[in-house]
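# Chain and residue survey
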Amino acid sequence: MRKILKGLHQFQTNYFSSHREMFEQLAMGQHPRILFITCSDSRIDPNLITQTEPGELFIIRNAGNIIPPYGATNGGEGATIEYAIKALGIRDIIVCGHSHCGAIKGLLQLDNLTEEMPLVRDWLKYAEGTRQLLKENYKGYEGEDLLTVAIEENVLTQIDNLRTYPIIHAKLYSGQLNIHAWVYKIETGGVYVYSAERCSIQAEHHEVDIDEFEAAVPSPPILDGKITSSLPLLETMTLPDMARKSSSSTYDLSVGFSSHE
Ligand SMILES: [Zn+2]
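Residues numbered from 1 in each chain as written. Predicted model: local features only at pLDDT ≥ 70, side-chain atom pairs only at ≥ 80, totals over all residues.

### Overview of the overall build of the protein
The helix and strand tally for the protein stands at twelve helices and seven strands. Scored against the burial criterion, the 261 residues of the protein give a buried share of 33%. The long-range fraction of contacts in the protein, counting pairs at least 24 apart against all pairs at least 6 apart in sequence, stands at 71%. (Helix = DSSP H or I, 4+ residues; strand = E, 2+ residues; numbered from the N terminus. Buried ≥ 20, exposed ≤ 12 C-beta atoms within 10 Å, placed from the backbone. Contact = placed C-beta atoms within 7 Å.)

### Notes on unusual backbone geometry
One non-glycine residue, N65, lies in positive phi territory at about 40 degrees. With respect to the helices, strands and loops of the structure, N65 is situated in the loop between β2 (57-62) and α4 (76-87). Within the chain, H100 stands out as a residue other than glycine whose phi angle is a positive 60 degrees. Relative to the elements of secondary structure, H100 occurs in the loop between β3 (92-98) and α5 (102-107).

### Section: the nonpolar core
If you look at the biggest cluster of nonpolar residues, it comprises 46 residues, and the most contacted ones within it are L35, I37, I93, I94, V95, L162 and W182. No other element matches the seven residues that helix α9 (residues 143-162) contributes to this core. Look past the residues within four positions of L162 in its chain and what remains in contact with it is I67, I93, V95, I168 and I179. (Core = buried A, V, L, I, M, F, W, Y, C linked by C-beta atoms within 7 Å.)

### Digging into the pairing of β3
With six of seven residues buried, β3 lies mostly within the body of the structure. Bridge count between strand β1 (residues 34-39) and β3: five bridges; the pairing is parallel. Paired with L35 across the two strands is I93, which belongs to β3. (Pairing = 2+ DSSP bridges.)

### Quick notes on the packing of α4 against helix α10 (residues 166-173)
Where α4 contacts α10, the axes come no closer than 9 Å and their chain directions differ by 40 degrees. Pair α4 / α10 crosses with left-handed handedness. On the side of α4, the interface is formed by E82, I85 and K86, while α10 contributes I167, I168 and K171. (Axes fitted to C-alpha atoms, helices over the stretch in contact; angles between N-to-C directions. Left-handed = near helix turned anticlockwise from the far one by under 90°.)

### Some thoughts on the packing of helix α8 (residues 128-137) against α9
One way to put it is that α8 packs onto α9 with a least axis distance of 8 Å and a crossing angle of 130 degrees. In terms of orientation, α8 lies oblique with respect to α9. In the packing of α8 onto α9, the handedness of the crossing is right-handed. When α8 is examined against α9, the residues G129, T130, L133 and L134 are found in contact with a partner set consisting of L146, V149, A150, E153, N154, T157 and D160. A breakdown of the residues in the contact of α8 with α9 according to their chemical character gives five nonpolar, four polar and two charged. (Parallel < 35°, antiparallel > 145°, perpendicular 65-115°, else oblique. Nonpolar A, V, L, I, M, F, W, Y, C, P; charged D, E, K, R; others polar.)

### With respect to helix α2 (residues 20-27)
Burial of α2 is sparse: only zero of the eight residues sit out of reach of the surface. Positive phi appears at G29, one or two residues downstream of α2, with a value of about 155 degrees.

### Some remarks on α10
The α-helix advances 3.6 residues per turn, and as a result positions three or four apart in sequence lie on the same side. Every buried residue belonging to α10 is among I168, K171 and L172, and all of these are buried. One side of α10 holds all its buried residues, which, seen down the axis, span an arc of 100 degrees. More than 90 degrees from the buried face of α10, the exposed residues found are P166 and A170. Once α10 finishes, G175 follows within two positions and takes phi at roughly 70 degrees, a positive value. (Arc of directions from axis to C-beta.)

### Here's the deal with the confidence of the model for the protein
Averaged over the protein, the pLDDT score is 81; the fraction of residues at 70 or greater is 74%. In the predicted structure, residues 198-255 sits below a pLDDT of 50 and forms 94 contacts with residues beyond four places in sequence or in another chain. (pLDDT = per-residue confidence, 0-100.)

Shown next as structure tokens:
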């Protein structure tokens, strides 16, 4: 606690003083452009990994970056999503999973949680779609490989859940909303981006100037509720073709997550 209090003091005397104007501006109102949904894990810092300032990201965090389907709970997630879209007019949502996710490890061994952490066990029912999908489609996977695909598939499952919200459904339909699926790798700082739109692109390593790229290739609108991304794809990985071929018409399943490091 001593470290926290020392940090608070340093923030007030150093950072705040040198950014006073920004904070005074923020006091007048917020205009974040991104709803960032990620895990509570202490190793993820949304502002750090995206190099954004206070006021730029509207954030939902919980164990496992989970979004209960519409009507399933009266929890804060739904209210926060509604506020983000309706009151703040946010048009981009990032659902960001991460490597070594404890919640997803728990999902892979639910029985162990029943006694020790019944609330976590209960919460993970909103990721049951991920668990079933893995059981059906990833029979040969185990250990780290299973955990990796579970983390990636869970991001897509939670996007399916997100799409059950009427406001999300409506905005996707009219092309006013983009949903991005990310997985952040703690050990490399890399972000893997799932793109349903770029399935024909051969992934390869090359440096891309993001500003240039976005100017040249505007983020395509979402049609039929496909998820997309405006980030360049640098490396294809995991999520083998079989994954979602039969599970949903929402995604083009011939692509995997791609790296943006
Ligand atoms: Zn996690």
